[in-house]
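# Structure at a glance
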Amino acid sequence: MTTSDRLRDTRIPLNNGSSAIPAVGFGTLIPDPLVTRQATRSALEVGFRHFDCAERYRNEQAVGDAMQDVFKAGNIQRNDVFVTTKLWNSNHRPERVRPAFDASRRRLQLDHIDCYVIHTPFAFQPGDEQDPRDDQGRVIYDSGVTLLETWGALERLVDDGHCKSIGLSDIGLDKLREIVAAARIKPSVIQVESHPYLPEWELLDFCRQHGIVVQAFAALGHALEPRLLDDPVIKDIAQRVGKTPAQVALAWAVQRGTAFLTTSTTPHRIHENFEISTLPEDAMQEIRDRVTTRIRFNTVVETGVPGFIPRAT
Ligand SMILES: NC(=O)c1ccc[n+]([C@@H]2O[C@H](COP(=O)([O-])OP(=O)(O)OC[C@H]3O[C@@H](n4cnc5c(N)ncnc54)[C@H](OP(=O)(O)O)[C@@H]3O)[C@@H](O)[C@H]2O)c1
């Protein structure tokens, strides 16, 4: 298998009927704004149509600039692209949600956001400090707001039309069940770490039952040890099908029904990550049965504090 098929064009319909999310997604957790702009532009040019952003990444302006560059060139329009961005922990109080959303829209230079996600279920002390700490260096949490109250504020954004769908990130099954049970507008997506070393089958099954799309972040294991791309099962399949280990991991993500988020600042890898092809069923089964390493690379899910430090460039 050396050529691409249509796997990379997979789009997963959202449960609120607003649109469909491209399964192949590009993440913008890149510390340097200039590099962010170049990488986002390259990703658009090679064919990525789904971009994941966040106010916490402090680079929405650079992502917006890259999109504007490309839109102005004329071949790609705003409506061809699905943009997710995220509400940070220090903005969970309902009265802070709309200003945070509007500020993201302004920086991204977009009239509407395709999906707005609560970045983590942890509320931090409200304010402009993204990482509030006490004098012992401990995170200052906010016990004055519940996740459901924040969710209600996101629902109102959907009512007003500039936000097409809403979701949650770094969420476990128990909290997700609570929100799904109580919400007026159900989550359309959840964004969680997932890759062959953290398949999250139970969470995925629940999401399937409720029509919730799983956006798998760190789809390549964030290049951390133990390196997913050096896994013997993944490497062996890659050799057999004539693809790279990264392409195998990303095809696996799409074929099991998730959208994935991967990030690269290297043009040839951005291209590589888009050029995925369908794996044979026996390879899918082999990954399920024979990849036995289990590891979570990002501890954000436990504390709300981002767990892997953005890479220096
Ligand atoms: N919700 C959350 O809490 C949360 C947390 C983390 C991330 N995310 C989102 O998920 C996105 C993706 O996460 P991630 O950065 O961990 O993704 P990832 O794709 O698993 O890891 C990126 C790393 O893999 C390398 N890489 C990329 N493509 C490669 C390839 N084909 N071969 C070899 N190495 C390759 C990159 O290096 P080069 O740049 O040198 O190519 C980079 O070091 C983020 O940008 C962000 O949008 C969300």
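In what follows, the structure referred to is the one given above.
An account of the accompanying structure is given in this report. (Residues numbered from 1 in each chain as written. Predicted model: local features only at pLDDT ≥ 70, side-chain atom pairs only at ≥ 80, totals over all residues. Heavy atoms only, no water.)

On to the environment of Ala-153, then. Summarising the element assignment, Ala-153 is placed in helix H4 (residues 147–160). Taking the relative accessible area as the measure of exposure, Ala-153 reaches 7% and is therefore buried. Taking C-alpha positions, Ala-153 is 35 Å from Tyr-197, a pair spaced 44 residues apart along the chain. With sequence-adjacent residues up to four places away left out, Ala-153 is seen in contact with Pro-94 and Val-97. (Helix = DSSP H or I, 4+ residues; strand = E, 2+ residues; numbered from the N terminus. Buried < 20%, exposed > 50% of the residue type's maximum accessible area, 1.4 Å probe, protein only. Contact = heavy atoms within 4.5 Å.)

Moving on: the sheet that holds strand S8 (residues 189–193). Spatially, the 8 strands close up into a barrel ordered S3-S4-S5-S6-S7-S8-S9-S10, and their pairing is parallel. Neighbour-to-neighbour, the strand axes of this sheet turn through a mean angle of 25°, independent of strand direction. Of the strand pairs in this sheet, strand S6 (residues 115–118) and strand S7 (residues 166–169) are connected by 3 bridges, and their pairing is parallel. In the strand pairing of S7, Val-117 is matched with Gly-167. Where helix H3 (residues 94–108) meets the sheet, it contacts strand S5 (82–87) and S6, and its direction lies at approximately 140° from that of S5. (Pairing = 2+ DSSP bridges. Axes fitted to C-alpha atoms, helices over the stretch in contact; angles between N-to-C directions.)

What follows concerns the pairing of strand S10 (residues 259–262). Residues Ala-259 and Leu-261 of S10 are buried on one face, and the alternating residues Phe-260 and Thr-262, pointing to the opposite face, are buried as well. Across 3 bridges, the pairing between strand S3 (residues 24–27) and S10 is parallel. Looking at S10, one finds that Gly-25 is bridged to Leu-261. Relative to S10, strand S9 (residues 213–217) runs parallel, the two being bridged by 2 bridges. What sits directly across from Gln-215, in S10, is Ala-259.

It is worth spelling out the side chain of Ser-169 at this point. Its location among the elements puts Ser-169 in strand S7. Of the polar contacts made by the side chain of Ser-169, one reaches the backbone oxygen of Gln-191; its length is 3.0 Å. For Ser-169, the contacting residues outside a window of four places in its chain are Val-117, Ile-118, His-119, Thr-120, Pro-121 and Gln-191. (Polar contact = N/O pair within 3.5 Å; in protein donor to acceptor, adjacent residues only side chain to side chain.)

A separate point is the side chain of Thr-85. By the secondary structure assignment, Thr-85 is in strand S5. Dropping the residues within four chain positions of it, Thr-85 is found in contact with Cys-53, Ala-54, Glu-55, Glu-60, Ser-104, Leu-108, Ile-113, Cys-115, Tyr-116 and Val-117.

Counting residues in hydrophobic clusters, the biggest one holds 93 residues, and the most contacted among them are Met-67, Tyr-116, Leu-168, Leu-176, Ile-190 and Leu-279. Looking at which element gives the most residues to this core, the answer is helix H8 (residues 245–255), with 8 residues. In this view, Ile-190 contacts Leu-168, Ile-171, Leu-176, Leu-203, Cys-207, Ile-212, Val-213, Val-214 and Gln-215; residues no more than four positions away in its chain are not counted. One finds Trp-88, Phe-124, Val-139 and Val-305 within the second-largest nonpolar core, a separate group that totals 5 residues. (Core = buried A, V, L, I, M, F, W, Y, C linked by side-chain atoms within 4.5 Å.)

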